[in-house]
Amino acid sequence: MTPPIAAPPIGAAPIGAAWPHEPAPVAPERRRLGDVLLERGLLTPAELASALAAQGHARDDPSARRRRLGRVVVELGLATERQVAEALADLLGLDVVDLAREPVSAETARLLPRQVADRGRVLVLSRTATGGLRVATADPTNVVALDDVRLYTNATELTVVVATESQIRDQIARLWSLSEESADVTTMIEEIGPDHAEDPEPAVADADAAPTVRLVNMILADAVRQGASDIHVEPQRDSLRIRYRIDGLLRDVMTVPRAAAAALVSRVKIISGLDIAERRVPQDGRARLSVDGVFVDARVSSLPSLHGEKVVLRLLARADAVPTITQLGLDDRQLETTLSALGAPQRLVLITGPTGSGKTNTLYAAISRIQTPERNVVTLEDPVEIQLAGITQVQVHEKSGLTFARGLRSILRQDPDIVLVGEVRDRETAQLALQASLTGHLVLTTLHTNDAVSALTRLVDMGVEPFLVASSLALVVAQRLVRRPCPNCAVPSPPPPRVLASLGLADEGPAPSPCTGAGASTAATAVIAGSWGSSRCCRSPARCARSCCAPRPRPRSRPPPARPG
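Given the structure is predicted, the values throughout are model-derived calculations rather than measurements.

1. Section: the side chain of serine 472
At step 1: Assignment of secondary structure puts serine 472 in helix 18 (residues 466-472).
At step 2: Only 2.6 Å separates the side chain of serine 472 from the backbone oxygen of leucine 468, close enough to count as a polar contact.
At step 3: Ignoring anything within four residues of it in the chain, the contact list for serine 472 reads Arg347, Leu348, Leu434, Ser437 and Leu438.

2. Considering the confidence of the model for the chain
At step 1: Scored by pLDDT, the chain has a mean of 79; 77% of the residues are at 70 or more.
At step 2: Predicted confidence for residues 520-529 stays below pLDDT 50, and this span has 35 contacts to residues more than four positions away or in other chains.

3. Section: the packing of helix 11 (residues 210-225) against helix 12 (residues 261-271)
At step 1: Interaxial distance between helix 11 and helix 12 falls to 10 Å at its minimum, and their mutual angle equals 70°. Compared by their axis directions, helix 11 and helix 12 come out roughly perpendicular. Once helix 11 is placed against helix 12, the crossing between them reads as right-handed. Contact residues: Thr212, Val213, Leu215, Val216, Ile219 and Leu220 in helix 11; Ala263, Leu264, Arg267, Val268 and Ile271 in helix 12.
At step 2: In terms of residue class, the contact of helix 11 with helix 12 is made up of nine nonpolar, one polar and one charged.

4. Digging into the pattern of salt bridges
At step 1: Per the counting criterion, the structure on display carries 21 salt bridges.
At step 2: Of the charged contacts, one joins arginine 134 and glutamate 102 as a salt bridge, the two residues approaching to 2.7 Å between their closest N and O atoms. On the criterion of sequence distance, the pair formed by arginine 134 in strand 3 (residues 133-137) and glutamate 102 in the loop between strand 1 (95-96) and helix 5 (106-109) is long-range, its members being 32 residues apart.
At step 3: The class of glutamate 102 is buried, set by a relative accessible area of 17%.
At step 4: A salt bridge links glutamate 234 to arginine 243, with the nearest nitrogen and oxygen atoms 2.7 Å apart.

5. Overview of the pairing of strand 6 (residues 239-246)
At step 1: Within strand 6, six of the eight residues are buried, which leaves it mostly tucked inside the rest of the structure.
At step 2: For strand 5 (residues 230-235) and strand 6, the ladder comprises six bridges, and the chain directions are antiparallel. Note that in strand 6 the partner of histidine 232 across the bridge is arginine 243.
At step 3: Between strand 5 and strand 6, which follow one another and run antiparallel, lie three residues.
At step 4: With eight bridges joining them, strand 6 and strand 7 (residues 249-257) adopt antiparallel strand pairing.

6. Side note on the environment of serine 471
At step 1: For serine 471, the location among the structural elements is in helix 18.
At step 2: Classification of serine 471 as partly exposed rests on a relative accessible area of 36%.
At step 3: Sequence spacing of serine 471 and leucine 438 is 33 residues, and the spatial spacing of their C-alpha atoms is 8.0 Å.
At step 4: Discounting residues that sit within four places of it in the chain, serine 471 has contacts with Arg347 and Leu438.
At step 5: In this structure the side chain of serine 471 is engaged in a polar contact, spanning 3.3 Å, whose partner is the backbone oxygen of leucine 468.

7. Digging into the pairing of strand 4 (residues 158-162)
Each regular strand carries side chains that alternate between the two faces of the sheet.
At step 1: Within strand 4, four of the five residues are buried, which leaves it mostly tucked inside the rest of the structure.
At step 2: Here strand 1 runs beside strand 4; their pairing, made up of two bridges, is parallel. Looking at strand 4, one finds that aspartate 95 is bridged to valine 161.
At step 3: Between strand 3 and its parallel partner strand 4, the chain crosses via helix 7 (residues 143-153), and the hand of that crossover is right-handed.

8. A closer look at the layout of surface pockets
At step 1: Approximately 650 Å³ is the volume found for the second largest pocket.
At step 2: Taken together, 17 residues line the second largest pocket, and the ones lying closest to its centre are Asp284, Gly285, Arg299, Asp382 and Gln395.
At step 3: Among the elements that line the lining of the second largest pocket, the one with the most residues is strand 8 (residues 283-291), at four residues.
At step 4: Its residues placed into classes, the lining of the second largest pocket shows five nonpolar, five polar and seven charged.

9. A closer look at helix 12
At step 1: Of all eleven residues in helix 12, nine are buried; the element is thus mostly enclosed.
At step 2: Within helix 12 the residues assigned to the buried category are Ala261, Ala262, Ala263, Leu264, Val265, Ser266, Arg267, Val268 and Lys269.
At step 3: A positive phi of about 75° marks glycine 273, the residue just after helix 12.

Rules used in this analysis
Residues numbered from 1 in each chain as written. Predicted model: local features only at pLDDT ≥ 70, side-chain atom pairs only at ≥ 80, totals over all residues. Heavy atoms only, no water. Helix = DSSP H or I, 4+ residues; strand = E, 2+ residues; numbered from the N terminus. Polar contact = N/O pair within 3.5 Å; in protein donor to acceptor, adjacent residues only side chain to side chain. Contact = heavy atoms within 4.5 Å. pLDDT = per-residue confidence, 0-100. Axes fitted to C-alpha atoms, helices over the stretch in contact; angles between N-to-C directions. Parallel < 35°, antiparallel > 145°, perpendicular 65-115°, else oblique. Left-handed = near helix turned anticlockwise from the far one by under 90°. Nonpolar A, V, L, I, M, F, W, Y, C, P; charged D, E, K, R; others polar. Salt bridge = Lys/Arg side-chain N within 4 Å of Asp/Glu carboxyl O. Buried < 20%, exposed > 50% of the residue type's maximum accessible area, 1.4 Å probe, protein only. Pairing = 2+ DSSP bridges. Right-handed = clockwise from strand over helix to strand, strands pointing away. 1 Å grid on protein atoms, 1.4 Å probe; cavity = no way out; pocket = protein on both sides within 12 Å on 5 of 7 lines; lining within 4 Å. Points joined across faces, edges and corners; volume = space filled by probe spheres on them.

Below is the structure:
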């Protein structure tokens, strides 16, 4: 019997075959996004390694969401969104689109439900000549999002282009805003009952009706998505005007017929805990809104006017929306000065500026910078606008007797290391804040003055002794908010000679070249891209206090000169 032939060992040549003279060709290594960023000179190998380490650290955290390398690079400030989008398009052989200059109709974009567009960060731009869809996405490798587009639109062909995530998010907010939902809004307004200005009880019943509830919810959600800071509900003679304040400017959103005004105002007062039967005196309240699964707090104020109650809702920023101290617009010298003052164990730091100049954000950014588990941080505010974790926040309530002065006196018995006082309004609060800064506490507070030096004379005018100001004050920061033009539509706007002459810049070398927003091709795209802080720091206020607050010496009387001869 012939024995069976044994199989060749693994890795050996087959029986009867010779070894090949050359090794088998190896497939080229697939390019990755990090390789493209290195090739373009956007990252160094060390920066790419740190970004990959940050991505891996987030991946190891089971509670953290999965993050792409491009997003990590943008969050670390190593590259811009546009640069990452161009690198991603180069890697995948796709085109990059600038949505600020791309006309997108609401009808086409709404082929996809908003929830799907928000979840996948995708936007339907237009139809192609072959009957397919042209889709913009921030992550072309997200095949699940592209499959959702095919599922909901029944499209068999997709032409994918790359856009930045921020532009897609802004376009989604615009295309699903109230200005694009005129038909739905008109239908809801028609379903609301007639005006009941004289008898409030029917208006209360209408306020709980489904059309009114849907309309109010739609207005609030639209304001949050568009980044509004305030919502103005203003009764006019024949209508009710709704306006948003976005980047410091009020914008008309919609006009509600007079017949629906009472029910809409009553609904806002109901969710704010205000007395809907009282229309003759101003009222203040608070509300908590839920928009896209995120809770937003609002401060509500009503004011009787000639044509009815005007209601203003201030949408308060969330704790995760507070900018860091490096994002406030301070230059390197000002940032170094501010951080040096915040690092002191005691002294007083003042933030000055008019109302709406961002003083509260600066205080919160400073607290977030210096807050540690080893420090006891207590704040005294009116009202508490942003709730921060890890610190004790106290709300001033003057009706019950909890004023700034009384609250600050009680806080000093709570063994604080850092004290934040929302505002210095009177002499007693100013004296307590200065005395606390001399007894081992770092005190941060605000003052309403036009510049940093005026804070010294303002404290003295309140009745504070000049020697207390000179020995306790460490830093005064005067700030304003400056609107920035949209970088996608900014065009040069040289100022006229009269403006240059008034600023003293007419004879100082080349003329400045400021820009202004010209407006993009989409009608509702804003020409303002946020606000930027403009600050001026006074580093040695003690010397200024001695010179500004010291009494001027009286001139001595001189004897008359002797007459000659």
